[in-house]
Amino acid sequence: MQKFVAEESFWELFPEAAIGIIVVRGMKGARDVPEADVAEIAALLRDANERANAYLTSNVISENEPVKVWRAAYQKFKTKKGARCSIENLLKRVLKGNPVGSITPSVDIYNAISLKYALPVGGEDLDAFVGDFRLGLTAGGDAFLPIGEEEDDPTLPGELCYRDDAGAVCRCFNWRDGQRTALTEDSGNAILVVESLDPARRDDLESALDEFAQLMERYLGAEVVVRTVVDRAHPETVIAE
């Protein structure tokens, strides 16, 4: 049995957080998604880029509410210099007129959900995990090979990260993914994560999870085997039997 566990060190920092978890199995590979569906997914992403403008009430990225929440959060743990929340990076592109473009169908879907709801979203290859998938503060030294890099960049003491028994999965909470567990064009089973720190946005989180699950079923033929929200009262969930 394999679990996702948000550790007590996480809840001590963010007691009102909620982490949405979806586990899907049997996703189509990128080459198996019909061209018509690829085009529809790309259209969803374009629409989400447009919708994201509603969250950008200031031309200064740090003054926009979804960004302010995460800037404050990143002050609570050790980070790499310049590390920023994933949703800030996406919204910054929209603000600069450089909308988020297509990568693969699965990544496009989670970027569309992230932009539409202004919540951080990530996805990992479930089959690449070693042991439980955990979120918490680390003592540092967890192995981590960033996407697009060739040298290991281990975690820092006191850094908040996602990790498993083989090392870090995502650095600085939701800043940067590693190569080892990244979704690829051939990934069949995935865990999808949507994060919220603001209890007033719980309904947004639930709506994002519902739409996310529907899109994975509709376009990637995936079976949704887990759809849940982890919070302090319910800090873990089974992700694989």
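Thresholds applied
- Residues numbered from 1 in each chain as written.
- Predicted model: local features only at pLDDT ≥ 70, side-chain atom pairs only at ≥ 80, totals over all residues.
- Heavy atoms only, no water.
- Helix = DSSP H or I, 4+ residues; strand = E, 2+ residues; numbered from the N terminus.
- Rg over C-alpha atoms; globule rule 2.2 N^0.38 Å.
- Buried < 20%, exposed > 50% of the residue type's maximum accessible area, 1.4 Å probe, protein only.
- Contact = heavy atoms within 4.5 Å.
- Areas by Shrake-Rupley, 256 points an atom, 1.4 Å probe, with all protein chains shown as cover.
- Lys, Arg positive; Asp, Glu negative; His and termini not counted.
- Charge placed at Lys NZ, Arg CZ, Asp CG, Glu CD.
- Pairing = 2+ DSSP bridges.
- UniProt positions renumbered as here; feature names shortened; annotations may be inferred.
- Salt bridge = Lys/Arg side-chain N within 4 Å of Asp/Glu carboxyl O.
- Axes fitted to C-alpha atoms, helices over the stretch in contact; angles between N-to-C directions.
- Expected span 1.5 Å × (residues − 1).

Next up on the list: the overall build of the chain. From N to C terminus, the chain includes 6 helices and 10 strands. Relative to a compact globule of 241 residues, whose C-alpha radius of gyration would be 18 Å, the chain shows 17 Å and is just as compact. In terms of overall dimensions, the chain has a C-alpha envelope of 45 × 45 × 40 Å along the principal axes. In the chain, buried positions account for 52% of the 241 residues. Counting only contacts in the chain whose residues sit at least 6 apart along the sequence, the fraction spanning at least 24 positions is 76%. Summed over all atoms, the accessible surface of the chain reaches about 10,800 Å², with 47% contributed by carbon and sulfur. Looking at charge distribution, the chain has the averaged site of its 27 positive side-chain charges lying 6 Å from that of its 42 negative ones.

Here Ser106 is to be found in helix α5 (residues 105-117). Once residues within four sequence positions are removed from consideration, Ser106 is found in contact with Met27, Leu183 and Leu220.

Our focus in this paragraph is the sheet that holds strand β7 (residues 176-177). What the 6 strands build is an open sheet, ordered β7-β6-β5-β4-β1-β10; its pairing is mixed. Two strands close off the open sheet at either side, each with one partner strand: β7 and β10 (236-240). Across 5 bridges, strand β4 (residues 133-138) lies against strand β5 (residues 159-164) in antiparallel orientation. Paired with Leu137 across the bridge in β5 is Leu160.

Okay, the UniProt feature "domain: B3/B4 tRNA-binding" (unreviewed entry) in the chain next. Sites flagged by UniProt as "domain: B3/B4 tRNA-binding" (unreviewed entry) map to residues 68-221. A distance of 36 Å separates the end C-alpha atoms of residues 68-221, which is 31% helix and 20% strand.

A separate point is the pattern of salt bridges. Pairing between side chains of opposite charge can happen when the charged atoms of each approach one another. Under the definition given, this model contains 24 salt bridges. The salt bridge partner of Asp164 is Arg180, with a shortest N-O separation of 2.8 Å. Taken as a pair, Asp164 in strand β5 and Arg180 in the loop between β7 and β8 (190-196) lie far apart in primary sequence, 16 residues in all. Judged by relative accessible area, Arg180 falls into the partly exposed class, the value being 36%. Sharing partners across several salt bridges, the network here consists of Arg202, Glu206, Asp210, Arg227 and Asp231.

Before going further, it helps to spend a moment on the sheet that holds strand β3 (residues 121-125). If you trace the 4 strands from one edge of the open sheet to the other, you get β3-β8-β2-β9, paired in antiparallel fashion. Strands at the two margins of the open sheet, each flanked by one partner only, are β3 and β9 (223-230). Pairwise comparison of adjacent strand axes, ignoring direction, gives a mean angle of 15° for this sheet. Relative to β8, strand β2 (residues 18-25) is paired through 7 bridges, and the arrangement is antiparallel. Bridge pairing links Val23 to Ile191 in β8. Where helix α6 (residues 202-220) meets the sheet, it contacts β2, β3, β8 and β9, and its direction lies at approximately 170° from that of β9.

As a further point, take α5. Compared with the 18 Å implied by 1.5 Å per residue over 13 residues, the 19 Å span of α5 between its first and last C-alpha is a close match. A large share of α5 lies buried, amounting to 12 of its 13 residues. For α5, the elements touching its buried residues are α2 (35-51), α4 (86-95), β3, β7 and α6. Just past α5, the residue Ala118 takes up positive phi, approximately 55°.

Within strand β1 (residues 2-6), 4 of the 5 residues are buried, which leaves it mostly tucked inside the rest of the structure. Where β1 lies against β10, 4 bridges are found, and the strand directions are antiparallel. Residue pairing for β10: Phe4 is matched across the bridge by Thr237. In the sheet, β1 pairs with β4 via 3 bridges, with the strands oriented parallel. Along β4, the bridge assignment pairs Ala6 with Leu135.

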